[in-house]
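# A structural walkthrough
The chain contents come next:
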Amino acid sequence: GQSLEQPSEVTAVEGAIVQINCTYQTSGFYGLSWYQQHDGGAPTFLSYNALDGLEETGRFSSFLSRSDSYGYLLLQELQMKDSASYFCASLNDYKLSFGAGTTVTVRA
Amino acid sequence: DGGITQSPKYLFRKEGQNVTLSCEQNLNHDAMYWYRQDPGQGLRLIYYSQIVNDFQKGDIAEGYSVSREKKESFPLTVTSAQKNPTAFYLCASGTSGTPYEQYFGPGTRLTVT
(Lines give C-alpha, C1' and ligand atoms only; values in the text may rest on other atoms or scores of the structure.)
Protein backbone atom coordinates (compact mmCIF):
# COMPACT_ATOMS: atom_id res chain seq x y z
CA GLY A 1 0.00 0.00 0.00
CA GLN A 2 0.89 3.65 -0.08
CA SER A 3 1.73 5.69 3.02
CA LEU A 4 2.32 9.45 3.28
CA GLU A 5 3.14 11.33 6.46
CA GLN A 6 2.70 15.06 6.97
CA PRO A 7 2.22 17.22 10.09
CA SER A 8 -1.38 17.69 11.16
CA GLU A 9 -1.24 21.42 11.96
CA VAL A 10 0.91 24.48 11.47
CA THR A 11 0.24 28.01 12.72
CA ALA A 12 2.07 31.11 11.53
CA VAL A 13 1.62 34.87 11.26
CA GLU A 14 0.92 36.88 8.15
CA GLY A 15 4.03 37.47 6.09
CA ALA A 16 5.85 34.45 7.51
CA ILE A 17 7.19 31.39 5.68
CA VAL A 18 5.81 27.90 6.32
CA GLN A 19 7.28 24.60 5.20
CA ILE A 20 5.04 21.50 5.10
CA ASN A 21 7.02 18.28 4.96
CA CYS A 22 5.82 15.05 3.41
CA THR A 23 7.51 11.67 3.63
CA TYR A 24 6.22 8.78 1.61
CA GLN A 25 6.51 5.02 1.32
CA THR A 26 5.03 3.92 -1.95
CA SER A 27 5.56 1.49 -4.78
CA GLY A 28 5.52 2.48 -8.41
CA PHE A 29 6.21 6.12 -7.51
CA TYR A 30 6.08 8.64 -10.35
CA GLY A 31 5.96 11.96 -8.52
CA LEU A 32 4.46 14.11 -5.77
CA SER A 33 1.54 16.53 -6.10
CA TRP A 34 0.28 19.17 -3.69
CA TYR A 35 -3.33 20.30 -3.26
CA GLN A 36 -4.99 23.06 -1.27
CA GLN A 37 -8.45 22.69 0.26
CA HIS A 38 -10.34 25.44 2.02
CA ASP A 39 -12.78 24.33 4.69
CA GLY A 40 -15.74 22.55 3.07
CA GLY A 41 -14.45 23.23 -0.43
CA ALA A 42 -12.97 21.38 -3.35
CA PRO A 43 -9.25 20.58 -3.41
CA THR A 44 -7.29 22.58 -5.97
CA PHE A 45 -4.03 21.56 -7.58
CA LEU A 46 -0.94 23.55 -6.57
CA SER A 47 2.12 21.80 -7.96
CA TYR A 48 3.75 18.57 -9.09
CA ASN A 49 7.33 17.31 -8.85
CA ALA A 50 8.45 14.36 -10.92
CA LEU A 51 12.17 15.09 -10.65
CA ASP A 52 14.40 16.04 -7.74
CA GLY A 53 14.63 19.73 -7.04
CA LEU A 54 12.60 22.83 -6.45
CA GLU A 55 9.59 23.99 -8.50
CA GLU A 56 8.51 27.58 -7.93
CA THR A 57 5.03 28.91 -8.66
CA GLY A 58 4.59 32.43 -7.32
CA ARG A 59 4.55 32.44 -3.51
CA PHE A 60 4.43 28.64 -3.37
CA SER A 61 7.34 26.30 -4.07
CA SER A 62 7.57 22.52 -3.92
CA PHE A 63 10.60 20.31 -3.50
CA LEU A 64 11.24 16.62 -4.04
CA SER A 65 14.07 14.29 -3.09
CA ARG A 66 13.38 10.83 -4.52
CA SER A 67 16.39 9.29 -2.79
CA ASP A 68 15.04 10.41 0.60
CA SER A 69 11.36 9.72 -0.24
CA TYR A 70 10.70 13.27 0.93
CA GLY A 71 9.13 16.43 -0.33
CA TYR A 72 7.92 19.74 0.99
CA LEU A 73 5.66 22.63 0.12
CA LEU A 74 6.94 26.09 0.96
CA LEU A 75 4.44 28.88 1.47
CA GLN A 76 6.02 32.33 1.43
CA GLU A 77 4.65 35.76 2.35
CA LEU A 78 1.73 34.11 4.08
CA GLN A 79 -1.67 35.75 3.67
CA MET A 80 -4.90 35.19 5.58
CA LYS A 81 -6.39 33.51 2.51
CA ASP A 82 -3.70 30.80 2.75
CA SER A 83 -5.47 29.38 5.82
CA ALA A 84 -6.49 25.98 4.49
CA SER A 85 -5.57 22.30 4.48
CA TYR A 86 -2.70 21.20 2.29
CA PHE A 87 -2.34 17.64 1.04
CA CYS A 88 0.61 15.87 -0.48
CA ALA A 89 -0.31 13.09 -2.89
CA SER A 90 1.91 10.50 -4.51
CA LEU A 91 1.30 9.47 -8.09
CA ASN A 92 1.50 5.70 -8.42
CA ASP A 93 0.33 3.77 -11.45
CA TYR A 94 -1.66 6.81 -12.66
CA LYS A 95 -3.51 7.11 -9.34
CA LEU A 96 -3.09 9.61 -6.54
CA SER A 97 -2.72 8.53 -2.92
CA PHE A 98 -3.24 11.37 -0.46
CA GLY A 99 -1.72 12.17 2.90
CA ALA A 100 -4.01 13.10 5.81
CA GLY A 101 -3.42 16.80 5.26
CA THR A 102 -1.83 19.71 7.13
CA THR A 103 -4.08 22.46 8.43
CA VAL A 104 -2.37 25.83 8.11
CA THR A 105 -3.73 28.63 10.24
CA VAL A 106 -2.53 32.15 9.48
CA ARG A 107 -2.80 34.68 12.32
CA ALA A 108 -2.87 38.44 11.93
CA ASP B 1 -17.84 27.83 -18.49
CA GLY B 2 -15.91 24.57 -18.26
CA GLY B 3 -16.08 22.70 -15.01
CA ILE B 4 -17.11 19.71 -12.98
CA THR B 5 -20.41 19.62 -11.13
CA GLN B 6 -21.77 17.41 -8.42
CA SER B 7 -25.30 17.27 -7.16
CA PRO B 8 -26.80 17.54 -4.72
CA LYS B 9 -24.52 19.40 -2.29
CA TYR B 10 -26.21 17.80 0.74
CA LEU B 11 -27.97 14.45 0.76
CA PHE B 12 -29.78 12.67 3.57
CA ARG B 13 -30.79 9.02 3.46
CA LYS B 14 -32.04 6.33 5.74
CA GLU B 15 -29.95 3.26 6.45
CA GLY B 16 -30.62 0.43 4.04
CA GLN B 17 -31.27 2.66 1.01
CA ASN B 18 -29.07 2.89 -2.05
CA VAL B 19 -28.23 6.41 -3.16
CA THR B 20 -26.65 7.70 -6.38
CA LEU B 21 -24.38 10.74 -6.48
CA SER B 22 -24.09 12.66 -9.70
CA CYS B 23 -20.86 13.86 -11.31
CA GLU B 24 -20.69 15.67 -14.66
CA GLN B 25 -17.79 17.38 -16.41
CA ASN B 26 -17.56 19.44 -19.60
CA LEU B 27 -13.77 19.68 -19.65
CA ASN B 28 -13.45 16.89 -22.23
CA HIS B 29 -11.37 14.90 -19.76
CA ASP B 30 -10.86 11.20 -20.32
CA ALA B 31 -10.29 10.25 -16.70
CA MET B 32 -12.71 10.57 -13.81
CA TYR B 33 -12.34 9.67 -10.14
CA TRP B 34 -14.40 9.28 -6.99
CA TYR B 35 -12.93 9.98 -3.55
CA ARG B 36 -14.26 9.81 -0.04
CA GLN B 37 -13.12 12.25 2.64
CA ASP B 38 -13.80 11.76 6.35
CA PRO B 39 -13.26 14.52 8.94
CA GLY B 40 -9.59 15.33 9.46
CA GLN B 41 -8.48 12.80 6.90
CA GLY B 42 -7.14 12.74 3.41
CA LEU B 43 -8.94 11.64 0.29
CA ARG B 44 -9.35 7.93 -0.35
CA LEU B 45 -9.93 6.62 -3.85
CA ILE B 46 -13.14 4.67 -4.38
CA TYR B 47 -13.26 4.09 -8.15
CA TYR B 48 -11.66 5.58 -11.23
CA SER B 49 -12.21 5.46 -14.95
CA GLN B 50 -9.67 6.28 -17.64
CA ILE B 51 -11.99 5.74 -20.59
CA VAL B 52 -15.67 5.34 -21.38
CA ASN B 53 -17.14 1.91 -20.54
CA ASP B 54 -14.17 1.00 -18.34
CA PHE B 55 -13.46 1.58 -14.66
CA GLN B 56 -11.28 0.16 -11.91
CA LYS B 57 -11.60 -0.26 -8.16
CA GLY B 58 -9.67 2.06 -5.93
CA ASP B 59 -8.59 1.44 -2.36
CA ILE B 60 -12.06 1.38 -0.78
CA ALA B 61 -14.48 0.12 -3.45
CA GLU B 62 -16.48 -2.23 -1.23
CA GLY B 63 -20.12 -1.12 -0.94
CA TYR B 64 -19.90 1.23 -3.93
CA SER B 65 -20.63 0.90 -7.64
CA VAL B 66 -20.08 3.14 -10.66
CA SER B 67 -20.81 3.35 -14.37
CA ARG B 68 -19.17 5.25 -17.21
CA GLU B 69 -21.54 5.19 -20.15
CA LYS B 70 -20.65 8.72 -21.30
CA LYS B 71 -17.40 10.62 -21.24
CA GLU B 72 -19.03 13.47 -19.33
CA SER B 73 -20.68 11.46 -16.58
CA PHE B 74 -19.45 9.18 -13.78
CA PRO B 75 -22.22 8.51 -11.23
CA LEU B 76 -21.45 6.79 -7.95
CA THR B 77 -23.96 4.55 -6.15
CA VAL B 78 -23.54 4.09 -2.44
CA THR B 79 -25.20 0.78 -1.66
CA SER B 80 -26.68 -0.48 1.56
CA ALA B 81 -23.65 -2.78 1.83
CA GLN B 82 -21.40 0.20 2.64
CA LYS B 83 -20.96 0.02 6.40
CA ASN B 84 -20.15 3.70 7.10
CA PRO B 85 -21.54 5.72 4.19
CA THR B 86 -21.73 9.10 5.94
CA ALA B 87 -18.90 11.16 4.42
CA PHE B 88 -17.94 13.95 2.02
CA TYR B 89 -17.75 12.58 -1.53
CA LEU B 90 -15.57 14.29 -4.12
CA CYS B 91 -15.54 13.67 -7.83
CA ALA B 92 -12.56 14.67 -9.98
CA SER B 93 -11.52 14.59 -13.60
CA GLY B 94 -8.29 14.93 -15.50
CA THR B 95 -6.46 14.22 -18.71
CA SER B 96 -4.83 10.85 -19.18
CA GLY B 97 -1.53 12.60 -19.86
CA THR B 98 -1.45 14.51 -16.55
CA PRO B 99 -2.98 12.24 -13.89
CA TYR B 100 -1.20 14.21 -11.17
CA GLU B 101 -3.37 17.26 -11.84
CA GLN B 102 -7.01 16.57 -11.09
CA TYR B 103 -9.91 18.98 -11.12
CA PHE B 104 -12.40 18.52 -8.33
CA GLY B 105 -16.11 19.16 -8.10
CA PRO B 106 -17.64 20.93 -5.07
CA GLY B 107 -18.50 17.63 -3.37
CA THR B 108 -21.60 15.99 -1.95
CA ARG B 109 -21.99 15.64 1.79
CA LEU B 110 -23.94 12.43 2.43
CA THR B 111 -25.53 11.74 5.79
CA VAL B 112 -27.07 8.33 6.45
CA THR B 113 -29.07 7.80 9.63
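Presented here is an overview of the structure given in this document.

With that settled, consider the state of the cysteines. Residues and elements named next belong to chain A. Evaluated as defined, the whole model comprises 2 disulfides over all chains. A sulfur-sulfur distance of 2.1 Å marks the disulfide that ties C22 to C88. Taking the sign of the S-S torsion, about 75 degrees here, the bridge from C22 to C88 comes out right-handed. Here C88 lies in strand β9 (residues 84-92) and C22 lies in strand β3 (residues 18-25), a separation of 66 residues in the sequence. With a relative accessible area of 0%, C88 lands in the buried category.

Residues and elements named next belong to chain B. If you trace the backbone, Q25 turns up in strand β3 (residues 19-25). Within the local environment of Q25, its side chain forms a polar contact with the backbone nitrogen of L27, the two atoms lying 3.0 Å apart. In terms of polar contacts, Q25 uses its side chain to reach the backbone carbonyl oxygen of H29, at 2.9 Å. Ignoring any residue separated from it by four or fewer positions in sequence, one finds Q25 in contact with G3, I4, M32, R68, K71, E72 and S93.

Where interface size is quoted, it is often the accessible area lost as the parts come together. On the chain A side, the residues contacting the 21 residues of chain B number 17 residues. For the pairing of chain B and chain A, the buried interface totals around 1600 Å² over both sides, and the portion due to carbon and sulfur atoms is 62%. The largest share of the area that chain B buries against chain A comes from L43, Y100 and F104 of chain B, three residues that together contribute 33% of it. Counting across the interface, chain B meets chain A through 0 salt bridges.

So, how was this worked out
Residues numbered from 1 in each chain as written. Chains lettered and ligands numbered in written order. Predicted model: local features only at pLDDT ≥ 70, side-chain atom pairs only at ≥ 80, totals over all residues. Heavy atoms only, no water. Disulfide = S-S within 2.5 Å. Helix = DSSP H or I, 4+ residues; strand = E, 2+ residues; numbered from the N terminus. Buried < 20%, exposed > 50% of the residue type's maximum accessible area, 1.4 Å probe, protein only. Polar contact = N/O pair within 3.5 Å; in protein donor to acceptor, adjacent residues only side chain to side chain. Contact = heavy atoms within 4.5 Å. Buried area = accessible area lost by both parts, 1.4 Å probe. Salt bridge = Lys/Arg side-chain N within 4 Å of Asp/Glu carboxyl O.

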